[in-house]
Structures are given as C-alpha cells and as structure tokens.
Amino acid sequence: MGDSAYSFSLTTFSRTGKLLQIEYALNAVANGRTALGIAAKDGVVIATDKKFGSALVEGEGVKKVEQVTDGSGFVYAGVGPDYRVLVRKARKSAQAYFREYREVKPVGQLVKSTASVMQEYTQSGGVRPFGVSLLVAGMDGDGVPRLFQVDPSGAYFGWKATAIGK
Amino acid sequence: MPLNTRYSLTIKGHASCSYWSGIQKKEGTGLGSDFGLVDITKHPGLTPILVPVSNAKEDRTPSCHNNQRQVGVSPLLTVHQVVSWVAPPRGSRFGLRFWTRQITKHPGLTPILVPVSNAKEDRTPSCHNNQRQVGRRHKSVDPINTMSRDSNYDHHISIFSPQGRLYQMEYAFKAASSASGLTGIALRGKDTAVVVTQRKVPDRLIVPTSVSHVHNVTAKIGVLATGMTADCHSAVQRMRYEAADFEFKYGYSIPPAVLAKRMADIAQVNTQSASMRPLAVVLMIVGIDDVKGPQVLKVDPAGHYLPFKGTASGSKEQEATNFLEKRVDNIPEYSFDETVRTAIVCLGSVLGSDFRGSEIEVAAVTGKDGKFRSLTEEEIEDHLNAIADDADS
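Not measured: the values here are computed from a predicted model.

### Here's the deal with the UniProt feature "domain: Proteasome alpha-type subunits" (unreviewed entry) in chain B
Okay, step 1: This chain's UniProt record puts "domain: Proteasome alpha-type subunits" (unreviewed entry) on residues 153-175 of chain B.
Okay, step 2: Structurally, residues 153-175 of chain B comprises 43% helix and 0% strand, and the distance from its first C-alpha atom to its last is 19 Å.

### Brief notes about the pattern of salt bridges
Two side chains carrying opposite charge are able to pair once their charged atoms lie near each other.
Okay, step 1: Applying the stated rule across the entire model yields 16 salt bridges over all chains.
Okay, step 2: One salt bridge connects D265(B) with R84(A), and the closest N-O pair in it is separated by 2.8 Å. Of this pair, D265(B) sits in helix α5 (residues 256-272) while R84(A) sits in helix α2 (residues 80-101), each in a different chain.
Okay, step 3: Here D265(B) falls in the buried class, since its relative accessible area comes to 6%.
Okay, step 4: The salt bridge partner of E359(B) is R356(B), with a shortest N-O separation of 3.6 Å.
Okay, step 5: Residue E359(B) is classed as partly exposed on the basis of its relative accessible area, which comes to 30%.
Okay, step 6: A single network of salt bridges, built from pairs that share partners, joins R84(A), R88(A) and D265(B).

### Some words on the nonpolar core
Residue and element names in this part refer to chain B.
Okay, step 1: Counting residues in hydrophobic clusters, the biggest one holds 40 residues, and the most contacted among them are I185, V195, V286, L324, I344 and V362.
Okay, step 2: Elements with a contribution of two residues or more to this core: β6 (183-188), β7 (192-198), β10 (281-289), α6 (317-326), α7 (336-351), β14 (360-366) and α8 (377-392).
Okay, step 3: Among the elements that make up this core, the one with the highest residue count is α7 (six residues).
Okay, step 4: Once residues lying within four places of it in the same chain are set aside, the contact partners of V286 are A186, A193, V194, V195, K220, I221, G222, Q295, V296, V365 and F372.

### With respect to the interface of chain A and chain B
Okay, step 1: Listed per partner, the contact involves 38 residues of chain A and 43 residues of chain B.
Okay, step 2: Roughly 3500 Å² is buried in total at the junction of chain A and chain B, and carbon and sulfur atoms are behind 56% of that figure.
Okay, step 3: For the pair chain A and chain B, the interface holds three salt bridges.
Okay, step 4: Here R188(B) makes a salt bridge to E58(A), at a shortest N to O gap of 2.3 Å.
Okay, step 5: The interface formed by chain A and chain B holds 15 residue pairs in polar contact (both at pLDDT 80 or more) in total.

### Details of the pairing of strand β9 (residues 221-227) of chain B
Residues and elements named next belong to chain B.
Okay, step 1: Counting buried residues along β9, seven of its seven residues qualify, which places the element largely inside the surrounding structure.
Okay, step 2: Burial along β9 is two-sided: I221, V223, A225 and G227 and G222, L224 and T226, pointing in opposite directions, are all buried.
Okay, step 3: As paired elements, strand β8 (residues 214-216) and β9 share three bridges and run antiparallel to each other. For N216, the partnering residue across the bridge sits in β9 and is G222.
Okay, step 4: Relative to β10, β9 runs antiparallel, the two sharing seven bridges. Directly across from G227, in β10, lies its bridge partner V281.

### Let's talk about the UniProt feature "domain: Proteasome alpha-type subunits" (unreviewed entry) in chain A
Okay, step 1: Per the UniProt record, the feature "domain: Proteasome alpha-type subunits" (unreviewed entry) sits at residues 6-28 of chain A.
Okay, step 2: Between the first and last C-alpha atoms of residues 6-28 of chain A the distance is 24 Å; the span itself is 39% helix and 0% strand.

### Re the packing of α2(A) against helix α3 (residues 107-120) of chain A
Residues and elements named next belong to chain A.
Okay, step 1: Contact geometry for α2 and α3: axes closest at 10 Å, N-to-C directions at 130°. The orientation of α2 with respect to α3, classified from their angle, is oblique. In the packing of α2 onto α3, the handedness of the crossing is right-handed. Contacts from L86, K89, A90, S93, A94 and Y97 in α2 reach Q109, L110, S113, T114, V117 and M118 in α3.
Okay, step 2: Among the residues making up the contact of α2 with α3, the classes are represented as seven nonpolar, four polar and one charged.

Calculation rules
Residues numbered from 1 in each chain as written. Chains lettered and ligands numbered in written order. Predicted model: local features only at pLDDT ≥ 70, side-chain atom pairs only at ≥ 80, totals over all residues. Heavy atoms only, no water. UniProt positions renumbered as here; feature names shortened; annotations may be inferred. Helix = DSSP H or I, 4+ residues; strand = E, 2+ residues; numbered from the N terminus. Salt bridge = Lys/Arg side-chain N within 4 Å of Asp/Glu carboxyl O. Buried < 20%, exposed > 50% of the residue type's maximum accessible area, 1.4 Å probe, protein only. Core = buried A, V, L, I, M, F, W, Y, C linked by side-chain atoms within 4.5 Å. Contact = heavy atoms within 4.5 Å. Buried area = accessible area lost by both parts, 1.4 Å probe. Polar contact = N/O pair within 3.5 Å; in protein donor to acceptor, adjacent residues only side chain to side chain. Pairing = 2+ DSSP bridges. Axes fitted to C-alpha atoms, helices over the stretch in contact; angles between N-to-C directions. Parallel < 35°, antiparallel > 145°, perpendicular 65-115°, else oblique. Left-handed = near helix turned anticlockwise from the far one by under 90°. Nonpolar A, V, L, I, M, F, W, Y, C, P; charged D, E, K, R; others polar.

See below:
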C-alpha cells in the first residue's frame, strides 16, 4: 500500500513525541455521525443514524452497518469511503480464514487483523491513517456477546457499551 | 521581500545558539516588540539563514519569550539568494514586520531561505531571553523531516489537518464544481433515467458534437462527468475498463450501483495516498438495473456515492437540487417524456434562460431492454416545443 513515490511515512513523531496525523484522524472521527453499541447478556446491538442531506437520496439501499461474517458486523463513525475499504479488507480476511480453517473467524481475531491494517496505514509510506473508528459487534461459538472499538491508531478496546462520533 | 512576512535569522553551523544570534532585543522595548540585528561581520565564518515565517494565526509563536525564534527545516531545496535587508520602522509590533539588513554589507555570506513551521509542537521551551532555536544543521534540505510539520502540508497532499479535515479533497470538490462552469442534472422516473447538461462550445470553429460531457459506458449505463475535462476523460476510461472487466469475469453486465461503488472506491484511494491527487470529477452514473429499475448514482472526489431520485452537479448545483426537491414525491412515477421534460425545465430554470436544441445535451435510457443514447437535436427540439406548449396552455 505504500507508494513508490513516497517511500517514507507521512505520520511521523513530533518533537513532543506525538503522532499528529493520528490525533487529527481522531478529530475527523469526532466530527462524524454518532454510532453506538451495547453488549447485553445474550446479545450485542450496534446502531447509527442514517440522515441524508437531501430528500432526493434513495436511502433504502445505503448501509452503514455492514455484516462481515455470520457472527459479526461493523459500524463506524468518521469518513465513509475509508470505512468501505476496511469492510472489504475484513471480509476478505474472514474468507481467507475460513478457507484455511473451515471455521468462522472469531470476533477477537477479526478485530486484531483489522486493527493491524489500520496500524499499517499509520506507518507505511505515502498513506494517511484511516479517518474512522469502528465498532465491531459479534458472538462466537461460545455464546459470549462481544463489542470492540478500533481506533485510527490501530488500538482496540473491548467495551460493555460505548458510543463514537459526535 | 514581501511585507508582513516574518523572517527569523539563524546562523548555520552552530548547535548552540547563544552567541550567533542575529537578532537581539533592543533595550527598553516592550515584550517582543522590536528586534535588532547583530552585525554579522562580528561572527566570521558563519552563514546567516533567513527563515520566512508565516503570519497565520495558528503559526504565532508563544509571546512570552523575548526574541524567540523557531527554525525548522525547509521543504525547498537550498536556495541561495541575495536578499536585501530592510531596517524596520521603530515601534513595529511583534511579529508584524521583520527585518533584515543589507546583505551587501556582509560580503562573503550566502543567505539561505529556510521556511519554518510554527506548529504548536514545534515551539521552543520558554523562559530564555535571546534564545534561538536552531533547526537541524542541514546543508541541503531534508524532505522527510519537513513532513512532520503536518500543518504546513495538509493543504498540499492528502493528510489530515489539525481539525481532521482533508483539504485536498475539499479543493477537488471546488475544482469539480467550478472548473467547467457547467451544470448537469440527472433524474430517474418510472422506467427512464435521464441526464441533461449544457453544451458550451468554446469556439465556433470547434465541431459541436465533439464537445460532450455525456459518455456511454456500457449499453445500459451512461455517465455525465462534470469537472476538469481531462480528469473526466480519465475517469470515463477507467469506468469502461471496469465495466468490461466485470463482464469478462462474471459473465453478465455490471449493474450501475456496482460500477458506482467501484469508481467510488477508486476515488477513495487518491484521498488516502499522497502520491496521486484526487480527480476533480463528479460522476453521475445513470442506468437501468435488472432488478431495481432505473438508477441515478452520484460519485464524488471524496469517494462518497449515493443513489438518488434526482440530483445535480456543477456550478448551479444547489439551485437545481432545490428545484428537484420540490417535486421529489412525483419524480419516481414520471414517464419517459415527463422525466426528460422535467430535467430540461429544471436546467432552464436554474440557468434563467431558454435554449435551443443545439445548446443542451440530453441522454436517456428507458425500459429493461433500452440502450443508453443521446437524443438528437430534433428530438430535443420536440421536447422543447412540448414544454413551451405546456407552458402556454
């Protein structure tokens, strides 16, 4: 994903030791529409609003909550086009997992690999970090409902309930 | 030397900054208000580097330190310029004018212009009079280190600004809507999808049919590409390739929504990777889906795509959208004629003038077996006459 024209990372340390592009990406998330998730005893729910700028938009087919495997789904706050890239990569990695192990990829593994992709974009050459925070909701075979948040830095956290965006 | 440009002075070749500094607080002046220059000839062997500093609000240095300067690293290659230095007027305010001395008075010294970032994280530690910050002692410029001064580059490449905005993407939007000066409208009815735009031929010697913003992509899908002409052609070429590749791989022709998503994903890549700028094009993809019927999808430089009942792009986008919103409940039920005529009337009302058949382009696709095609001048004239008759009656 790094471009040969820019063989150096665009996200570099400031003098105070901060990675500013990641902080700015978090600002982009904070300007995004709210998404939230709640993990209950026997299930987990994620939701977001779907408001369009105009009555002319045919919104029925537009989806912000996307299914990734049979047992997991994503929702986001932040830059929509960046989110689509992550959904596609997550689906592909889940499919590759299934091809290898003949089992549905567990939620925790899915979160780890998605977070790893997001981290790569903070270090690779010529690209900027993703401007989205993800909420990943899912349940594995063990029946335990799980909710995770993944940030543009690639850090992820398990939550009982949380909200992201505005 | 432009006025109101701050210049900061440092002398290359010294890691510590205590005695090379070219700027010193004058006695009796207020906090940071006047600066003087030390005679460079007292420091032989040292090369002064002029560092222009932006005066933008977010770039102001903390004012609590006298004579504090920030030196960064230049993204420009080392430029040797003879600069004339101008003595400042007395009492000039902090940061408003800066000053320089006649370089000719310091023979043998080569000034190097080094732009400086004044971003917050670059501010020097405080509390020292006459403290200067010397940047890296680079003889040549180091582009890698300049990238860490993010706030200077967020306008140039696709990285985040401090507020989390992507300026390059916003500029691409502006270019797309104002570059060609045209307005385009796309509308979908019950079984028809239509695009309408102006045909502005820049020169009478140009063959009019060669000036077109409406393009065929597949038999059933067409596109109205508004924005910078060359970018439009590039995007349309890519669409044709993607549509053909889809049909080759999967054995059936690409649905309009899938093509729109693909073009949107391609547009998104340019907003995330620094080496290519976003294309200044707004695509209005129009086609018939085998299941969902006629579709209009708009793809923008940011990589957003949405299906619409009717939409507009270009310089009069807002007015055209307002016109269509008033009719939003009726639009999905329009017949072919109604769809075409509503689109033409919309364009006429936002442009504020009538036109002849040769001055607009209309293209449509109708019905499950329809083909996307441009209407001929006679057909457009027929529609215009019908509209005029309706208006009279």
